[in-house]
Amino acid sequence: MVHLYLGDYLWGNNNRYSVASLFLVTNHLVIHDQMDYFSEFVVVSLITLFGYIAFAMAMDKFAFNFMLLRLWQFSAGFMAVFWNRMRVNMCPKEKEKPGNHIIGHSNSNNDIFTLSLSILGLCLLPNQNNVLILRPLITMCTAFIIASEINNYQILSSKLLGYIGDISYVLYLVHWPIIAIFQPYNIQDYVFVTAATFLSSMFLHHVYEKKYLKLNSKNLTILLLTLMFGNAFLQYSIRNHTIWNKTYSGDLQEKIDANKAQLPFSWMHDLSDHECSEKKILEDSVLEENNLGCGTCMRGNGSISMMMLGNSYVMSLKNYIRDQFHYNYSDFHFCSIGGGNGFYMDSPASQRAINFYQREVELHKPDVLFLLSRHPPPMKDPIEHNKRDIEQMNKNIKYYEKFVKKIYILGAHPLYQHSFVDFFLQNVINRPEVPETLHLDRRAADNEMKFVRKRLSMVECEKCEIFELTPAFLYADKYLTFDEEESISYVDNTGHLTSAGLKLCDPILKNITKEIMRTI
C-alpha cells in the first residue's frame, strides 16, 4: 500500500522496513513458552550481548535503520521476563508471600526501580549524549523495571499503560507507513498522524494480532507461508507491473526526474570518467575493501601533473576540477579510500590509507596535490592540550611537501542531512513551496565545524593553501541546499555535492585553476 503513496526513490527504504512486519507472526513461533526458562534466558542474553557489539561496531545511521542491529533491545526485555520466570520456578512459594519481590529484597528492589525510572525521566530532557552510552543505558533501565515486578507503584498498575504495551509492537510497525503516506508538516498534521497511528494499531491488535496468537502451530504455519508468498508476489508485481508507478503533472515530474538523475552519486553520470583507468590496491586487504576508486586519467597536452587524495569527496570533485584545466596537464592521478582524508589519522585504517597515499605521492611526484575529503568526526572534537593530533597532521603534510610544488586542502564544508534528496522530493511533491528551513542555518553549521577550521588554521605548511567551497552556497544566514527556482538539490543522499551543487563552485575552482597555471 505504501508504494502507491511513495515515490519509487523511497521504495528501497520501505522494502527494508517491511521485513520487520514478519516478526509480527514469527514472534509467536520463535518465542514461545516451553517452561525451559534457563535455556531461553541464555539465548536472549547472547542475542543481547552480541547484538549490542554488532550495533556498536556499525556506523550510527546504518545501525539505527537496520532492524537486525536493533534486536538486542527487544531481547533485553525478554531477559527480564525469563529471569523473573526462572526465579518463580526456583522459589514458587516466595511469590505468594506478601511484600516479597522477584529480584531480591523489597528495599533494594524499590531503589533499583526508582533509580531506573529517574534515569528514564532524565533522558526525556534535551541532550546530545553518545548513543553508544545512552541507548544501552535506557534499555538496561527498562529491563530492570520489567524485572522488578513491583505492584505497589500506581504508574506500573495503570491499565492504560498496560494496554499501550499490548499494542506497542503493532504501533511500531504502522507508524512509519502512516507518516510516509500523510507527511506531517504542521501541528494539525502531527495530531492527525498520531491519532491515526493509535487507532490503526488498536484495530490491528484486536482484529489480527489477538486472533493469530490463539492459532495452533499448523494454522500459524499456513498463515505465515501465505503471507510470505503474498509478499513475494507483491515484490514481483512492484518491479514488473506499471500499476504501482505513480505519475505527476508535467512540471512536477520533470523536477523529480532531474533530481533522480543525480543519484546515487554525481560521478557515476560523468561521461569523462571513461578517460580514467582504475587500478586495484593489492598490498592491503583493508585498503582494498575501502577503496572507492584509484587510477590515472588520460594524459593531457600540458606540462602540469596533478594528484587528488582523500575519501569519497575525491570522486565527487575529481572530474570537475580536472575539466577546469581543459587538458592543460600532463598526468592526473587520483585515489579515494573510505576513512582516509590524506593527513589526519584517527584509526588504524586511516593510518594505512595515509601510508599508501605517501607512497603514491613519492612515486608520482605531482606538481599539484589536492587533499579533498569530508573530514572525519574526530576533527570536530575539541583539541587536546598536548595537540598530538595537530603534530601528527603537520608531520603527514610535511612529508607531501618534499615531493610537490603546491598543496590545496579542502576546508571545512557543512554536513548535510542523510537521505536529503528523498526528504527534499517529499517536500517538492507534497508542498506548494519548498520551505527555506531545508537550507542549513549558517551559525549552527559553522559551530559544528569550528574545531575542524581551528585545526586547519594550525597547519604549518609553506606550500599549502586551504580553499573553501562554502562561499558558493552562502546566502544571507543560510547555506543553500537546493535551487529554489528549479527545485533541484545541491547534495545527494550521502552528503556529496551533486552536479547542480558543483556548478555553484565553478568560480572558486576556476580561480584555483588560474592560480596554478600562473604559478606552477
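None of these values were measured; they are calculated from a predicted model.

1. Description of helix α19 (residues 450-457)
Step number 1: Of the positions making up α19, those classed as buried are Val-452, Arg-455 and Leu-456. All buried residues of α19 fall inside an arc of 100 degrees around its axis, so they share one side.
Step number 2: Buried residues in α19 make contact with α16 (388-401), β6 (406-410) and β8 (464-467).

2. Observations concerning a nonpolar patch on the surface
Step number 1: A cluster of nonpolar side chains, namely Phe-38, Val-42, Leu-46, Leu-49, Phe-50, Ile-53 and Met-57, defines an oily patch on the protein surface of about 730 Å² accessible area.
Step number 2: Residue Phe-50 is classed as exposed on the basis of its relative accessible area of 51%.

3. Concerning unusual backbone geometry
Step number 1: If you check the backbone angles, Ala-476 has positive phi at about 60 degrees while not being a glycine.
Step number 2: If you check the backbone angles, Ser-487 has positive phi at about 55 degrees while not being a glycine.
Step number 3: For Ser-487, the location among the structural elements is in the loop between β11 (482-483) and β12 (488-489).

4. Considering the pattern of salt bridges
Step number 1: In the structure shown here, the tally under the stated rule is ten salt bridges.
Step number 2: One salt bridge in this structure joins Asp-367 and Lys-405, with 3.6 Å as the shortest N-O distance. Highlighted residues: Asp-367 in the loop between α15 (348-364) and β5 (368-372) and Lys-405 in the loop between α16 and β6, separated in sequence by 38 residues.
Step number 3: One salt bridge connects Arg-453 with Glu-468, and the closest N-O pair in it is separated by 3.5 Å. Taken as a pair, Arg-453 in helix α19 and Glu-468 in the loop between β8 and β9 (474-475) lie far apart in primary sequence, 15 residues in all.
Step number 4: Residue classification places Glu-468 among the partly exposed positions, given a relative accessible area of 25%.
Step number 5: Sharing partners across several salt bridges, the network here consists of Arg-442, Asp-446, Arg-453 and Glu-468.

5. Considerations on the UniProt feature "transmembrane region" (unreviewed entry) in the chain
Step number 1: The residues that UniProt annotates with the feature "transmembrane region" (unreviewed entry) are residues 37-55, 62-83, 131-148, 160-178, 190-208 and 220-238.
Step number 2: Across residues 160-178 one finds 95% helix and 0% strand; the C-alpha atoms that close the span lie 23 Å apart.
Step number 3: The distance separating the terminal C-alpha atoms of residues 220-238 is 27 Å; by composition the span is 100% helix and 0% strand.

6. Digging into the packing of aromatic side chains
Step number 1: With the rule as written, the count across this model stands at 17 aromatic pairs.
Step number 2: Here the aromatic rings of Phe-55 and Trp-72 are separated by 5.7 Å at their centres, their planes lie at 50 degrees, and the arrangement is tilted. Taken together, the positions of Phe-55 in helix α3 (residues 37-57) and Trp-72 in helix α5 (residues 71-90) put the pair 17 residues apart, joining distant regions of the chain.
Step number 3: Classification of Trp-72 as buried rests on a relative accessible area of 4%.
Step number 4: Ring plane angle 45 degrees and centroid distance 5.7 Å describe the contact between Tyr-169 and Tyr-172, whose orientation is recorded as tilted. Remark: Tyr-172 and Tyr-169 occur in helix α9 (residues 168-182); sequence separation between them is three residues, near one turn of the helix.
Step number 5: A residue is classified by how much of its surface remains accessible, and Tyr-169, at 15% relative accessible area, is buried.
Step number 6: For Tyr-172, a relative accessible area of 30% corresponds to the partly exposed category.
Step number 7: Here the aromatic residues Tyr-52, Phe-55 and Trp-72 are joined through ring pairs into a cluster of three or more.
Step number 8: In this structure, Lys-406 packs its charged tip against the face of Tyr-408, placed 5.6 Å from the ring centre.

So, how was this worked out
Residues numbered from 1 in each chain as written. Predicted model: local features only at pLDDT ≥ 70, side-chain atom pairs only at ≥ 80, totals over all residues. Heavy atoms only, no water. Buried < 20%, exposed > 50% of the residue type's maximum accessible area, 1.4 Å probe, protein only. Helix = DSSP H or I, 4+ residues; strand = E, 2+ residues; numbered from the N terminus. Arc of directions from axis to C-beta. Contact = heavy atoms within 4.5 Å. Patch = residues over 30% accessible without salt bridge, like charges linked within 9 Å, V, L, I, M, F, W, Y side chains within 5 Å. Areas by Shrake-Rupley, 256 points an atom, 1.4 Å probe, with all protein chains shown as cover. Salt bridge = Lys/Arg side-chain N within 4 Å of Asp/Glu carboxyl O. UniProt positions renumbered as here; feature names shortened; annotations may be inferred. Phe/Tyr/Trp six-rings, centres within 6.5 Å; stacked < 30°, edge-to-face > 60°. Lys NZ or Arg CZ within 6 Å of the ring centre and 35° of its normal.

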